[in-house]
Amino acid sequence: MSVTIDGSASVTINNGAVLGITSGTAVASTSGTSIDFTGIPSWVKRVTVMLSGVSTSGSSYVLIRIGAGSVDSTSYTGITAVGWSGIANYSDTSGFPLYYNTNTYTLSGAMVLTNISSNIWVISGTVAMTGLNGVIMTGGTKTLSGTLDRVRITTVNGTDTFDAGSINILYEG
Amino acid sequence: MSILVLTSDTLIGTPATGNLEYNGQFFGTDSAGSRAQLQRIVRATAVASTSGTSIDFTGIPAWVEKITVMFSSVSLNSTGAFLIQLGDSGGVETSGYDATLIIGSNGSANTVNTSVAGFPFYSGANTFTLSGSMIITNITGNTWVEQGVFNNSTTTPFVTSTAGTKTLSATLDRVRITTTTGTDTFDAGTVNIIYEG
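Residues numbered from 1 in each chain as written. Chains lettered and ligands numbered in written order. Predicted model: local features only at pLDDT ≥ 70, side-chain atom pairs only at ≥ 80, totals over all residues. Heavy atoms only, no water.

Trainee: Describe in detail the overall build of chain B, supporting the description with residues and values.
Mentor: Summing up its helical and strand segments, chain B has 0 helices and 17 strands in all. For chain B, the proportion of its 197 residues judged to be buried stands at 45%. Relative to all contacts within chain B whose residues are 6 or more apart in sequence, the contacts with residues 24 or more apart total 68%. Surface exposure of chain B reaches about 8600 Å², of which carbon and sulfur atoms provide 49%. (Helix = DSSP H or I, 4+ residues; strand = E, 2+ residues; numbered from the N terminus. Buried < 20%, exposed > 50% of the residue type's maximum accessible area, 1.4 Å probe, protein only. Contact = heavy atoms within 4.5 Å. Areas by Shrake-Rupley, 256 points an atom, 1.4 Å probe, with all protein chains shown as cover.)

Trainee: Describe the overall build of chain A, and please don't skip the residues or the numbers.
Mentor: A count of helical and extended segments in chain A gives 0 helices and 14 strands. Considering chain A as a whole, with its 173 residues, one finds that 54% of them fall into the buried category.

Trainee: Tell me about the pattern of salt bridges, and please be specific about residues and values.
Mentor: Across all of its chains, the model carries 8 salt bridges over all chains by this definition. Of the charged contacts in the structure, one is a salt bridge between Glu172(A) and Arg46(A), with a shortest N-O distance of 3.1 Å. In this pair, Glu172(A) sits in strand β14 (residues 162–172) while Arg46(A) sits in strand β5 (residues 46–56), placing the two residues 126 residues apart along the sequence. Both residues of the pair, Glu172(A) and Arg46(A), belong to the buried class. In this structure, Asp56(B) and Arg176(B) form a salt bridge, with 2.7 Å as the shortest nitrogen-oxygen distance. Taken together, the positions of Asp56(B) in strand β6 (residues 55–58) and Arg176(B) in strand β16 (residues 174–179) put the pair 120 residues apart, joining distant regions of the chain. Under the relative-accessibility criterion, Arg176(B) is labelled partly exposed at 25%. (Salt bridge = Lys/Arg side-chain N within 4 Å of Asp/Glu carboxyl O.)

Trainee: A description of the side chain of Asn101(A) should follow, citing residues and the corresponding values.
Mentor: Residues and elements named next belong to chain A. Topologically, Asn101 is positioned in the loop between β9 (96–98) and β10 (106–117). One polar contact links the side chain of Asn101 to the main-chain carbonyl oxygen of Ser60, over a distance of 2.9 Å. Apart from the residues within four sequence positions on either side, Asn101 is in contact with Thr56, Gly58, Ser59, Ser60, Tyr61, Val62 and Met129. (Polar contact = N/O pair within 3.5 Å; in protein donor to acceptor, adjacent residues only side chain to side chain.)

Trainee: How would you sum up the packing of aromatic side chains? Please name residues and give values.
Mentor: The description of an aromatic ring pair rests on the distance of the ring centres and on the angle between the ring planes. Enumeration according to the criterion identifies 15 aromatic pairs over all chains in this entry. Arranged with centres 5.1 Å apart and planes meeting at 75°, the rings of Phe71(B) and Phe121(B) form a pair that is edge-to-face. Here the residue Phe71(B) occupies a position in strand β7 (residues 66–76), and Phe121(B) occupies one in strand β12 (residues 119–121), the gap between them amounting to 50 residues. Take Phe71(B) and Phe121(B): they sit in the same class, and that class is buried. Pairing Phe128(B) with Phe158(B) gives two aromatic rings, centres 5.1 Å apart and planes at 70°, and the pair type is edge-to-face. A residue pair is termed long-range when its members are at least 10 positions apart, and Phe128(B) in the loop between β12 and β13 (130–140) and Phe158(B) in strand β15 (residues 158–167) qualify at 30 residues. Accessibility classification places Phe128(B) together with Phe158(B) in one group, the buried group. Taken together, the aromatic side chains of Phe71(B), Phe82(B), Phe121(B), Phe150(B) and Phe186(B) make up a single cluster linked through ring pairs. Residue placement shows Lys142(A) over the ring face of Tyr76(A); its charged tip is 4.9 Å from the ring centre. (Phe/Tyr/Trp six-rings, centres within 6.5 Å; stacked < 30°, edge-to-face > 60°. Lys NZ or Arg CZ within 6 Å of the ring centre and 35° of its normal.)

Trainee: Talk me through the nonpolar core; I want residue IDs and the actual numbers.
Mentor: In terms of nonpolar packing, the biggest core is built from 37 residues, with Val47(A), Val49(A), Ile66(A), Leu113(A), Val151(A), Ile153(A) and Ile167(A) touching the most fellow members. Listing elements by their share of this core, those giving two or more residues are β4 (35–38), β5, β6 (62–67), β9, β10, β11 (120–130), β13 (150–155) and β14 of chain A. By size, the runner-up hydrophobic cluster in this structure holds 35 residues, among which are Ile84(B), Met134(B), Phe186(B) and Ile193(B). (Core = buried A, V, L, I, M, F, W, Y, C linked by side-chain atoms within 4.5 Å.)

Right, dumping it as structure tokens:
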């Protein structure tokens, strides 16, 4: 016997989990100070945040935050480094940071959030920084107070606006 | 010819248009003709990395094509670097790796190290705690590639990134988390893996 799934539809198994990868709806990151992806199902074990040609109006670093019921902006242990001809790093407790930024640089790449146990999530990923000819590396961990259901992409100062590119997520469980 | 029959007892509810919904497990035939379960990501049991010189995850099924090794605030009692080693039915393999790590620390020159004993990522002090993940992917046959990023958020914050490859002698069935010295002990944090095929 064989079971063929042709990819044109989803297959749902125990607890409502869906086999395969579910894509969010891509958002043009051309305005606003933050972009939220909400309604992430409770069975998800991995969320991939994808950035394509993303830039902002200022020099505040881009942050990825997660939440359970609301976005959490404390108690992250996120470190990011950018490597080009030199290397430098930055840490932040209000989110997982992507270091660093100017209004002329664009970010492209993916960050992967993985559920290690219960409500503990770890992040890992690399993002290219066009303009600097650099690569951003970020790792970190965050314990939520409940089940993850949302991801926010914003900036450290919360006031710089997105002005180019697109952002989306994939999730799977 | 076989027929897949779903009865009302096995349906979760009314399927959405185009969906196949079933309150059970799906099995099928993989490309090698072997029976394989269709399933979502499998997460192993998290291990408190608070003692011992190595942590093993064994019994990884043959159909697995991707493994994610996750660290949350893991530290050692000394200055060794972390190593991820792969293994098969013959045991954990401790040679033949081709892997490199880079350390991104503020104001420092790039630091690069290589390893043939495992997939490495930097620790460097007993005060450091590392968080992040490494993704190990089966490229073909028994050859695996990895990439990962981990951070240390305590004193002297840094990011360590790693990439590499390893060809096993047989089908992967285990992953070991240890150190370059083999004698440093874990003293904090949580480790776990998820695997998928």
